[in-house]
Amino acid sequence: MKYFGLKVHEAHKLIKDREISSEQLTKSIMDRIEDVEGIVHGYVTVTKEYALKKAREMDKKIAEGEEPGPLSGIPCAIKDNICTKDILTTCSSKILKNFKPPYSATVYQKLEEQGCIMIGKTNMDEFAMGSSTENSGFFTTRNPWDPARVPGGSSGGSSAVVAADEALFALGSDTGGSIRQPASFCGVVGFKPTYGRVSRYGLIAFASSLDQIGPITKDVRDCALILNAICGHDPMDSTSVSADVPDFTRFVDKDIKGIKLGVPKEYYTMQIDDSVKKETGEAVTNLANIGAEKVELEMPYTAYALPAYYLINPAEASSNLARYDGIRYGFTYEDAENLLEAYKKTRSSGFGPEVKRRIMLGTYALSSGYYEDYYLKAQKVRSLIARDFDQAFKNCDVIVTPTAPTVSFRTGEKIDDPLMMYLNDIFTVPVSMAGLPAVSIPCGFVNGLPVGLQIIGKPFDEGTIIKVASAFERMLALDKVKPLFGSYVRGGA
Amino acid sequence: MSYEVVIGLEVHVELLTKSKIFCSCPTSFGDEPNTNVCPVCLGLPGVLPVINKRAVEFAILSGLALNCKVNPRSKFDRKNYFYPDLPKAYQISQYDMPVAEDGYLNIKVNGETKCIGITRVHLEEDAGKLIHAENGDYSLIDYNRTGVPLVEIVSEPDLRSHEEARVFLENLKRILQYTQVSDCKMEEGSLRCDANISVRLKGKKELGTKTELKNMNSFKAVQKGLEYEIKRQIDSLEKGERISQETLRWDEGRGLTVSMRSKEQAHDYRYFPDPDLMPLEVQQEWVEKLKGLLPEMPLQKKERYITQYGLPEYDAEVLTFSMDMADFFEDCVKEYPEPKVVSNWVMGELMGFLNAERIDITETKVTPLNLAKLLHLIDKGTISGKIGKTVFEEMFKSGEDPEAIVEEKGLLQISDTKELEKIVDEVIKINPGPVEDLKSGKKKAMGFLVGQVMKQTKGKANPQIVNKILRNRLK
Amino acid sequence: MEITKGNVEHVAELARLEITEHEKDIFTEQLSNILDYVEMLNELDTKEVSPTSHVVPLVNVFREDEIKEVLKKDEALKNAPEKEDGYFKVPRVIE
């Protein structure tokens, strides 16, 4: 039987009704991986034996009468920058190619406790630095909608495997758009929660003041389910907030009449493809048609978010990545004469070009004599960007923008021009800088490639985002449209 | 030409918390390598720090003990540099907003009191320990110490000699020990001291070029290192050479300072606020509560001992050297309100034995109550002062109650006049020579005769009574 | 902001990266381009603006002074490329 096309909530119903077992579901996913992974290349590691063992254990518990929770026995994929005890966690970097952490990230512990079955670790841009997954130290992931194109990044592997039905859902991480942009490129739902909502403990740090873990799912209800599972305060993360976590599924399938939809003009006048502009414009109109109220906004600092981001992010990264020296773990250059040489050779051969570039940029921005002009200036601009959002949210409930200025581009197209690549994040970065929650959901197609709509919410108001996204999804039913490669069946139907 | 020495100290002190500053590993010293570590202090990918509240309180207490202003807001920064003992390749420290600033410490050198400014007190994490192989081919790392909380205390450049620096350091150590934030054991590395040193011609306003001196691992090393470096700088200036700004290491074995790096090679630490740690906000209420925990400081205690107990300055100084010693003294005085007598016994007998055995006051079996009992026994004439010392020695060895010892060993003083008259008569009988001497006015003979009585009684005879009987008999 | 090859070399040294002559040229150009782009921040007057280093307004996030489980010795050293007698091992230290 082919169950791989199921959504989480669909699979849960079948497991709960004892119609399928977790083992059957997991095997089906393994078959699917066998079939399409040769095209997608979404996984760095597939933990087949581990997954099947866990699935059988879950089935046994259920057979013994344990009532399956919403995630019991559900196969999922984990981005390879989230630590999983004794299982390879590489960040798609050669420098961590052999790293098996002696501990698990809090999010992974939570998923395990709720019975999720991890089937593998997904490919990404090395250390999450990139927007195409071409910066993986191992191989490039393909977009299931067109394998000649990129899946976006850095959570390209997570997005691609969900789009290709190689997992029921995945966890990604988002620093400047790394969940939302690949979700947009792959036609899936990608949610970046409010900074502080989900524990970062065990997420391999890239830019600590921006990083946040979130779900990549096949629809909005699944997204709400996963948020329920991963949100919440963690005493191991000092930046984790103890705000109430509502049941996010309560916001699914609700009326959005009277919801105020902020539309900032800056997002539609910056460098953006006309076709993407048109699709997102229509999305706004559609939302208005089902009762939302459109509010025009001005957010004058929007354009400054990206340059500020490209100082803060590399600065923090340069410090976070200094620990990779080949002494305690990871790749090491073996023939060094002395320590200094060992440091340099290990780091130079272990890191790829984009990582080196950001380390260089960040080191420069923090170095003596430049700190105030670069890092401090960027932090001040960050305050202005946050102020922009504060102002905007006085007049609206959510803000709606395109997720990315283009649809997926061809592999190799932008890889040699870092700045061009950075511009992919132009609409997602301001949100990250302000630490706000936002989702990307499919809102249409351009030449057969998905376009994403970004819905941004107030701090800790993920619920309203879910509400709007769910209403929008119900209207267009784009969650039913899937990439047409290989054969698949809609399981359970 | 006459030179003036300018010294400022940077002192690192390990705080006496149970667990490390950012994780829950133990801070114990001397365990097997890499056994007190966890993913957090090993700096494994993905881990995050969470600050130990007690470490913050100890830092505040240190600041208060040094008369500092506690900052209502402070924050943690990353100090970035590569070294194998630093697993994250950055040290979490405090750059521009330390826990406390602007304090002072009074020291007394050559009878004069001098106020030494404390620039700041900040919190940071300790690094691991590097052991270099003898052949120099490789090094080994133990991360047990990584993440042990430290306060760094920076003094103003107010010290004018190596002597002042030593006294400052001693006072600082005593204050921190009093405050119970650190054991300040230099030999275990829980107190470490670096110095900034420069010299200038007397009367000049501007400072000379300074050098930073590291690796002075004992009080002796501080003294010798500073002495050497001051002389080196003066000699250079005398020869018309310039001092270059550099970091030096004190080489204890060779007894000289060695250059580690020049100004050009100085680290660029690229400090920035640690995004993983939230700022500290220290409300006045919290400060007041901690202030309430501060003990009386050594100098105040000393003054009080002089005024309240009428002790000589020397006694007050010695007794307040450690809080445990001072507590012992005062506990004893409560039971036996003759401060000078207690002081004599504590400084003479007790310290004598402690030094001989090389143990600390906290390790002695003698209790203040027992010492007081002993002194009462002497006062009551139950035993003589001389026997008292014997009893004390036994108390020191066994920790037993003095009354029990006196009883057990039959050391009761003989004050029974009849019994003593018998012994005195016996002594007179067998010592006709000295008796004659005494009668003919040779006072010395009296001592001899008393001594003979003491000998007969094994020291237990009450000397006053013996004297009286002798005088009566030989009138 | 023009960044020189000398800057690039200095920064590489600070970051403990060994870069080839070719990489130096590329980085010089790319970093210059990025810093040119970033230059637009100077259009904004931020004299009166305070910097944001955290987006969540938390203060005094503490844990109690308690000892919890440590790693087992073999676990601590498990991923280490070089070790000896329970220690991590590194080549000769020269600064």
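Here the structure is a predicted model, which is why all the values come from computation and not from measurement.

Participant: Just checking my understanding: could you explain the overall build of chain B for this structure?
Facilitator: What chain B contains, in helices and strands, is 15 helices and 17 strands. Here the C-alpha radius of gyration of chain B, 30 Å, is well above what a compact globule of 475 residues would show, namely 23 Å. Projected onto the principal axes, the alpha-carbon positions of chain B cover approximately 95 × 55 × 50 Å. Taken across its 475 residues, chain B has 55% of its residues classed as buried. Here the analysis covers contacts within chain B between residues at least 6 apart in sequence; of these, 69% occur between residues at least 24 apart. Counting every atom, chain B has about 21600 Å² of accessible surface; 49% of that belongs to carbon and sulfur.

Participant: Help me out: how do you make sense of helix 9 (residues 274-289) of chain A in this one?
Facilitator: Each α-helix winds once per 3.6 residues, and so residues spaced three or four apart point in a common direction. Residues and elements named next belong to chain A. An ideal rise of 1.5 Å per residue puts 22 Å on 16 residues; helix 9 measures up with 22 Å between its terminal C-alpha atoms. Val276, Glu279, Thr280, Ala283, Val284 and Leu287 are the residues of helix 9 that are buried. Along the long axis of helix 9, the arc covered by the buried residues comes to 140 degrees, so they all point the same way. Residues Asp274, Lys278 and Asn289 are exposed on helix 9 and point more than 90 degrees away from its buried face. Of the residues flanking the end of helix 9, it is glycine 291, one or two places downstream, whose phi is positive at about 115 degrees.

Participant: Honestly, the nonpolar core in this entry has me stumped. Any pointers?
Facilitator: Side chains of nonpolar character tend, in soluble globular proteins, to be buried together. Judged by nonpolar contacts, the single largest core of 204 residues is most densely connected at Leu111(A), Phe127(A), Leu171(A) and Phe389(A). In terms of residues, this core owes the most to one element, helix 10 (residues 302-320) of chain A, which gives ten residues. Not counting residues within four places of it along the chain, the set of residues in contact with Leu171(A) comprises Ala77(A), Ile78(A), Lys79(A), Ile82(A), Val107(A), Leu111(A), Ser158(A), Ile213(A), Gly214(A), Pro215(A), Ile226(A) and Ile230(A). One finds Leu61(B), Phe219(B), Leu248(B) and Leu277(B) within the second-largest nonpolar core, a separate group that totals 66 residues.

Participant: Looking at this structure, I do not really get helix 10 of chain A. What am I missing?
Facilitator: Here helix 10 of chain A contains 19 residues, and its C-alpha end-to-end distance of 27 Å stays within 8% of the 27 Å for a straight helix at 1.5 Å per residue. Summarising burial for helix 10 of chain A: 18 of the 19 residues are buried, a large majority.

Participant: I tried to follow the packing of aromatic side chains on my own but got confused; where do I start?
Facilitator: Aromatic ring pairs are described here by two measures, namely the spacing of the ring centres and the angle between the planes. All names here are of chain A. Tallied over the full model, the rule gives 31 aromatic pairs over all chains. Their ring planes at 45 degrees and their centres at 6.0 Å tell us that tyrosine 364 and tyrosine 374 sit as a pair that is tilted. On the criterion of sequence distance, the pair formed by tyrosine 364 in helix 12 (residues 353-366) and tyrosine 374 in helix 13 (residues 372-392) is long-range, its members being ten residues apart. Note on accessibility: tyrosine 364 and tyrosine 374 belong to one class, buried.

Participant: What should I look at first to understand the sheet that holds strand 3 (residues 117-122) of chain A in this one?
Facilitator: The strands that make up a sheet pair up through hydrogen bonds in the backbone, lying either parallel or antiparallel. Residue and element names in this part refer to chain A. The sheet built from eleven strands is open, its strands ordered 1-3-2-4-6-5-10-11-9-7-8 with mixed pairing. Of all the strands in the sheet, just strand 1 (43-46) and strand 8 (293-297) have a single pairing partner and so form its edges. The average undirected angle you get between the axes of adjacent strands in this sheet is 30 degrees. Here strand 1 pairs with strand 3 via three bridges, running antiparallel.

Participant: Would you mind going over the side chain of Thr26(A) with me for this structure?
Facilitator: Examined against the element boundaries, Thr26(A) turns out to sit in helix 2 (residues 22-40). A polar atom in the side chain of Thr26(A) sits 2.7 Å from the backbone oxygen of Ser22(A).

Participant: Just to check I follow, could you spell out the interface of chain B and chain C for this structure?
Facilitator: The figure often quoted for interface size is the accessible area lost as the parts come together. With 53 residues of chain B at the interface, the matching set in chain C holds 33 residues. Around 3700 Å² of area is buried between chain B and chain C when both sides are counted, 62% of it from carbon and sulfur atoms. It is Ser24(B), Phe82(B) and Met278(B) that lose the most area in chain B upon contact with chain C, and together they represent 16% of the buried surface on that side. The salt bridge partner of Arg54(B) is Asp65(C), with a shortest N-O separation of 2.9 Å. Across the chain B-chain C interface, the total number found is 23 residue pairs in polar contact (both at pLDDT 80 or more). Residue assignment for the side of chain B that touches chain C shows that the elements contributing at least two residues are strand 2 (51-52), helix 1 (53-65), strand 9 (129-132), strand 10 (138-142) and strand 17 (280-281) of chain B. Per element, the largest residue contribution to the side of chain B that touches chain C is five residues, and it comes from strand 10 of chain B. Its residues placed into classes, the side of chain B that touches chain C shows 29 nonpolar, eleven polar and 13 charged.

Participant: Honestly, the packing of helix 1 (residues 5-14) of chain C against helix 2 (residues 21-38) of chain C in this entry has me stumped. Any pointers?
Facilitator: If you want to describe how two helices pack, look at the angle between their axes and the distance between the axes. All names here are of chain C. Running from N to C, helix 1 and helix 2 cross one another at 110 degrees; their axes reach a closest spacing of 9 Å. Relative to helix 2, the element helix 1 is oriented roughly perpendicular. Of the two elements, helix 1 crosses helix 2, and the hand of that crossing is right-handed. The residues of helix 2 that touch helix 1, namely those facing Lys5, Val8 and Glu9, are Glu21, Lys24, Asp25, Phe27 and Thr28. Each residue belonging to the contact of helix 1 with helix 2 can be placed in one class, and the counts come to two nonpolar, one polar and five charged.

Participant: How do you make sense of the sheet that holds strand 2 (residues 83-84) of chain C when you look at a structure like this?
Facilitator: In space, the four strands of this open sheet follow the order 9(B)-10(B)-3(C)-2(C), with antiparallel pairing throughout. Only two strands of the sheet have a single partner each, and these edge strands are strand 9 of chain B together with strand 2 of chain C. Note that strand 10 of chain B and strand 3 (residues 87-91) of chain C share four bridges and pair antiparallel. By the bridge assignment, Tyr138(B) is partnered in strand 3 of chain C with Pro91(C).

Participant: Would you mind going over the environment of Ile141(B) with me for this structure?
Facilitator: Among the secondary structure elements, Ile141(B) is positioned in strand 10. Placed 175 residues apart in sequence, Ile141(B) and Ala316(B) show a C-alpha to C-alpha distance of 45 Å. When sequence neighbours within four positions are dropped, the list of residues in contact with Ile141(B) reads Ile327(A), Asn34(B), Pro84(B), Asp85(B), Lys129(B), Leu130(B), Tyr87(C), Phe88(C) and Val90(C).

Participant: I'm lost on the interface of chain C and chain A in this one. Help?
Facilitator: In this assembly, 50 residues from chain C lie in contact with 68 residues from chain A. Overall, the association of chain C and chain A removes approximately 5400 Å² of surface from exposure, summing both partners, and the carbon and sulfur fraction of that is 68%. Our count for the chain C to chain A interface comes out at five salt bridges. Measuring nitrogen to oxygen at the nearest pair gives 2.9 Å for the salt bridge that ties Glu13(C) to Lys344(A). Top contributing element to the side of chain C that touches chain A by residue count: helix 2 of chain C, with nine residues.

About the thresholds
Residues numbered from 1 in each chain as written. Chains lettered and ligands numbered in written order. Predicted model: local features only at pLDDT ≥ 70, side-chain atom pairs only at ≥ 80, totals over all residues. Heavy atoms only, no water. Helix = DSSP H or I, 4+ residues; strand = E, 2+ residues; numbered from the N terminus. Rg over C-alpha atoms; globule rule 2.2 N^0.38 Å. Buried < 20%, exposed > 50% of the residue type's maximum accessible area, 1.4 Å probe, protein only. Contact = heavy atoms within 4.5 Å. Areas by Shrake-Rupley, 256 points an atom, 1.4 Å probe, with all protein chains shown as cover. Expected span 1.5 Å × (residues − 1). Arc of directions from axis to C-beta. Core = buried A, V, L, I, M, F, W, Y, C linked by side-chain atoms within 4.5 Å. Phe/Tyr/Trp six-rings, centres within 6.5 Å; stacked < 30°, edge-to-face > 60°. Pairing = 2+ DSSP bridges. Axes fitted to C-alpha atoms, helices over the stretch in contact; angles between N-to-C directions. Polar contact = N/O pair within 3.5 Å; in protein donor to acceptor, adjacent residues only side chain to side chain. Buried area = accessible area lost by both parts, 1.4 Å probe. Salt bridge = Lys/Arg side-chain N within 4 Å of Asp/Glu carboxyl O. Nonpolar A, V, L, I, M, F, W, Y, C, P; charged D, E, K, R; others polar. Parallel < 35°, antiparallel > 145°, perpendicular 65-115°, else oblique. Left-handed = near helix turned anticlockwise from the far one by under 90°.

Taken by themselves, the reported measurements are silent on function.
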